[in-house]
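# What the coordinates show
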Amino acid sequence: MAWKRKDLLTIQELDPAEITLVIDTAASLREIGGREIKKVPTLRGKTIVNLFYEPSTRTRTSFEIAGKWLSADVINFAASTSSIGKGETLLDTARNIEAMSPDVVVVRHSSAGAAEMLARHLRCGVVNAGDGAHEHPTQALLDLLTIRERKGHLDGLQVAIVGDIAHSRVARSNIHGMRKLGMTVTVAGPPTLIPPHVQEFGVKVSHRLEDAIRDVDVIMMLRLQQERMTAGLIPSLREYSRYWGLTLDRLRASARADVLIMHPGPVNRGVELSPEVADGPYSVILEQTGNGVAVRMAVLFLLAGTRVTQEAA
Amino acid sequence: MIKAQVLDEAALERALTRISHEILERNGGAAALVFVGLRTRGVTLAQRLAERIAAIDGTKVPVGTLDITLYRDDLGLKTDQPVVRGTDIPFPIKGKTVILVDDVLFTGRSIRAALDALIDLGRPKMIQLAVLIDRGHRELPIRPDYVGKNLPTSRRESVAVRLKEHDGEDRVVIEAPEEG
């Protein structure tokens, strides 16, 4: 199995063998993080540009560390400190960056399809680091790696994804990835935060936390964004927390003893997760972050290490 | 297509036994030794050498696995990205004599990559190289310390080391290039 793509834009477009290749590569690369000298020469002389139009600590830092451990030069452009604030369009910014000959551009943008649009216009590789409520492929890949490390396999596992499914690119990418790898997915949340026709993705829907988390192998809690309250989708944070917050008591009453608790971060402590659960023995949240670097190394290696280039459209 | 057999099972055994004795003789025992095999067959050969040394000398020499993919000098020249399968050396190599083990020594480029990879993991006292087959055609100033068999070949042929653990049989053959 060889990687053939110029870009990584969605999980939806990958086939199961491609997903497995990225996860396997990440599992092999993770060892680098445990070394005294955390650097291999693989991407020496390659340039990676982080182009972030939305605030991000975890994802941007994770790509930056991944690139640096592989010896690439990593440059960060953040919307707040660059010409983006002067009204330049995404495409103009990207073309100007391309004129500086990067090998990979990592882009996060609030509009769905932003990464795909750049990929069509740029000759270099493009990685989608989150586009609106569409996809966040590297997050799903690191989640799958984390689950496989803990459970030993993925096929046949049952997962509950809980919270704001409608606005979550993490949920969307994970649903695609999990379904492709033979996992069963239940999405759960208040009806206003569950997209209509979500069953067409091959998932079950639950409107009660206790039912959703019963007998599953993995519970993935999503971050509740405060804006959802002002938009009138939930009455109050307190009410959301009362019905959808995962507490230790609820967990013990309904979930399996070997369940994994995941969260893409940043956690709203006391809203979707109680601190005892976030820091408790079921939680693999920090492993997710650690695996994030490994997955991003794998993606950068697969994209920048190959000669797959495509003429710009 | 198999053109000729170079080593049969018994000859392969004898070569490994001789190399084991040479390693012990040259290093005055096995106390400060570690084996590091290059994926995939170098690891298997390293394990077999370690078993023999344990039988001769009573010393258990640790065996590590080295994946050189991240250190190759032809990344980006090939269209297909090689698969990374990972390095696993669960012991310190600092101050040790590392015996690097590979099945076939050809251009020397894999060994160059292996030397860089090893040195990134620590500073060994010494690195020695053991190969089952040295087929010539070196492109770098690298030479082995222990050789199972020197084998003059043409560049177009390929040498296949077949081991029970991977291929169900122990032998070394020369394969003629595919027609066309």
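Residues numbered from 1 in each chain as written. Chains lettered and ligands numbered in written order. Predicted model: local features only at pLDDT ≥ 70, side-chain atom pairs only at ≥ 80, totals over all residues. Heavy atoms only, no water.

### Considering the packing of helix α3 (residues 90-98) of chain A against helix α4 (residues 114-121) of chain A
Residues and elements named next belong to chain A.
- Two elements in contact, α3 and α4, have axes whose closest approach is 11 Å; the angle formed by their N-to-C orientations is 45 degrees. In terms of axis orientation, α3 runs oblique to α4. In this structure, α3 meets α4 at a crossing whose hand is right-handed. Across from Leu90, Leu91, Ala94, Arg95 and Glu98 in α3, the residues of α4 making contact are Ala114, Met117, Leu118 and His121.
- Classifying every residue of the contact of α3 with α4 gives 6 nonpolar, 1 polar and 2 charged. (Axes fitted to C-alpha atoms, helices over the stretch in contact; angles between N-to-C directions. Helix = DSSP H or I, 4+ residues; strand = E, 2+ residues; numbered from the N terminus. Parallel < 35°, antiparallel > 145°, perpendicular 65-115°, else oblique. Left-handed = near helix turned anticlockwise from the far one by under 90°. Contact = heavy atoms within 4.5 Å. Nonpolar A, V, L, I, M, F, W, Y, C, P; charged D, E, K, R; others polar.)

### Describing the confidence of the model for chain B
- Residues with a pLDDT of 70 or more make up 96% of chain B, whose mean pLDDT is 93.
- Predicted complex, confidence summary: ipTM 0.81, pTM 0.90. (pLDDT = per-residue confidence, 0-100.)

### A look at the packing of aromatic side chains
- For the coordinates displayed, the defined rule picks out 0 aromatic pairs over all chains.
- Note that Arg135 of chain B overlies the ring of Phe106 of chain B, its terminal NZ or CZ placed 3.9 Å from the centroid. (Phe/Tyr/Trp six-rings, centres within 6.5 Å; stacked < 30°, edge-to-face > 60°. Lys NZ or Arg CZ within 6 Å of the ring centre and 35° of its normal.)

### Things to note about the pairing of strand β8 (residues 218-221) of chain A
Residue and element names in this part refer to chain A.
- Where burial is concerned, the two faces of β8 agree: the one with Val218 and Met220 and the one with Ile219 and Met221 are both buried.
- One ladder, built from 4 bridges, connects strand β5 (residues 158-162) with β8; its direction is parallel. Note that in β8 the partner of Val159 across the bridge is Val218.
- Here β8 pairs with strand β9 (residues 260-262) via 3 bridges, running parallel. Bridge pairing in β9 places Met220 opposite Met262. (Buried < 20%, exposed > 50% of the residue type's maximum accessible area, 1.4 Å probe, protein only. Pairing = 2+ DSSP bridges.)

### Describing the pattern of salt bridges
- In this structure the tally under the stated criterion is 34 salt bridges over all chains.
- Arg208 of chain A is paired through a salt bridge with Asp211 of chain A; the nearest N and O atoms lie 2.9 Å apart.
- The exposure class of Arg208 of chain A is partly exposed, given its relative accessible area of 43%.
- Residue Asp211 of chain A is classed as partly exposed on the basis of its relative accessible area of 41%.
- Lys3 of chain B is the salt-bridge partner of Glu157 of chain B, the closest N and O atoms lying 2.2 Å from each other. With Glu157 of chain B in the loop between β6 (146-150) and β7 (158-162) and Lys3 of chain B in strand β1 (residues 2-7), the pair connects residues that are 154 residues apart, well separated along the chain.
- Through salt bridges with shared partners, a single network forms among Lys151, Asp217, Arg256 and Asp258 of chain A. (Salt bridge = Lys/Arg side-chain N within 4 Å of Asp/Glu carboxyl O.)

### Here's the deal with the sheet that holds strand β3 (residues 104-109) of chain A
Residue and element names in this part refer to chain A.
- Strand order across the open sheet formed by 4 strands is β2-β1-β3-β4, with parallel pairing between neighbours. Edge positions in the open sheet fall to β2 (73-78) and β4 (125-131), since each of these has one partner strand only. The sheet shows a mean angle of 15 degrees between the axes of neighbouring strands, taken without regard to direction.
- In terms of strand pairing, strand β1 (residues 47-52) meets β3 through 5 bridges, oriented parallel. Bridge pairing in β3 places Leu51 opposite Val107.

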